[in-house]
Amino acid sequence: MIPILGINHLTLTVNSLMRSLSFYVDVLGAVLVHRGRTDAYIEWGPVWICLLERGEANRAEAGRAGMDHVAFTISDSDFDHAVEALKAHSVRMIRGPVARGDGRCVNFLDPDGIQLELNTGSLSGRMKDWR
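Residues numbered from 1 in each chain as written. Predicted model: local features only at pLDDT ≥ 70, side-chain atom pairs only at ≥ 80, totals over all residues. Heavy atoms only, no water.

**Digging into the sheet that holds strand β1 (residues 9-14)**
In step 1: Pairing is mixed in the open sheet, where four strands are placed in the order β1-β4-β3-β2. Across the chains shown, the open sheet's two edge strands, defined by having one partner strand only, are β1 and β2 (31-35). Looking at each pair of strands side by side, their axes are set apart by 25° on average, direction ignored.
In step 2: Where strand β3 (residues 39-44) and strand β4 (residues 47-53) come together, six bridges link them in antiparallel fashion. Among the inter-strand pairings, D39 is bridged to a residue of β4, identified as L52.
In step 3: Packed on one face of the sheet, helix α1 (residues 17-27) meets β1, β2, β3 and β4 and runs near 5° to β3. (Pairing = 2+ DSSP bridges. Helix = DSSP H or I, 4+ residues; strand = E, 2+ residues; numbered from the N terminus. Axes fitted to C-alpha atoms, helices over the stretch in contact; angles between N-to-C directions. Contact = heavy atoms within 4.5 Å.)

Here it is in structure tokens:
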């Protein structure tokens, strides 16, 4: 068994690094740590993500199996404000806000259609009320 401690980072392939950086930094409040020619590293507290702009050589892999969504933890006291901020930026919501388990969540899409989630609950609370 490998002793996994938690999420280290996620790498998301994006169509436009500039457009995605604007979304993640300006709308979701990530901190830009590094920007290269085709990649950028952003973080929120202990969570970090690499945004990797697809080159022509990688476009053939579009549509291959991949990540379903990324869920980010948010405090319950910040949840309503975050939902309003998403609405103010005309972010496309695809589910919620809804109560799930011991928390609330909202699912939405980034500029490339990658599904993201804000979630106030815990894993143990979610398992007690699976739906």
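**Structural notes on the side chain of S20**
In step 1: For S20, the location among the structural elements is in helix α1.
In step 2: Excluding residues within four positions of it along the chain, S20 makes contact with V14, L51 and D112.

**Some remarks on α1**
One full turn of an α-helix is made of 3.6 residues, so residues set three or four places apart face in the same direction.
In step 1: Buried residues of α1: L17, S20, L21, F23, Y24 and V27, and no others.
In step 2: Note on α1: the residue one or two positions beyond its end, G29, has a positive phi of about 80°. (Buried < 20%, exposed > 50% of the residue type's maximum accessible area, 1.4 Å probe, protein only.)

**Looking at the environment of G125**
In step 1: With respect to the helices and strands, G125 occurs in helix α3 (residues 123-128).
In step 2: Classification of G125 as buried rests on a relative accessible area of 7%.
In step 3: On a C-alpha basis, the gap between G125 and G103 in space is 7.7 Å, while along the polypeptide they are 22 residues apart.
In step 4: Non-local contacts of G125, meaning those with residues more than four positions away in its chain, are made with G101 and D102.

**Regarding the pattern of salt bridges**
In step 1: One pass over the full model with this rule turns up five salt bridges.
In step 2: Between D80 and R104 there is a salt bridge, with the nearest N and O atoms lying 2.8 Å from each other. Placement of D80 in helix α2 (residues 76-88) and of R104 in strand β7 (residues 103-109) is noted, with a sequence separation of 24 residues between them.
In step 3: Of the charged contacts in the structure, one is a salt bridge between E117 and R95, with a shortest N-O distance of 3.7 Å. In this pair, E117 sits in strand β8 (residues 115-119) while R95 sits in strand β6 (residues 93-100), placing the two residues 22 residues apart along the sequence.
In step 4: For R95, a relative accessible area of 31% puts it in the partly exposed group.
In step 5: One salt-bridge network, held together by shared partners, links D76, D80 and R104. (Salt bridge = Lys/Arg side-chain N within 4 Å of Asp/Glu carboxyl O.)

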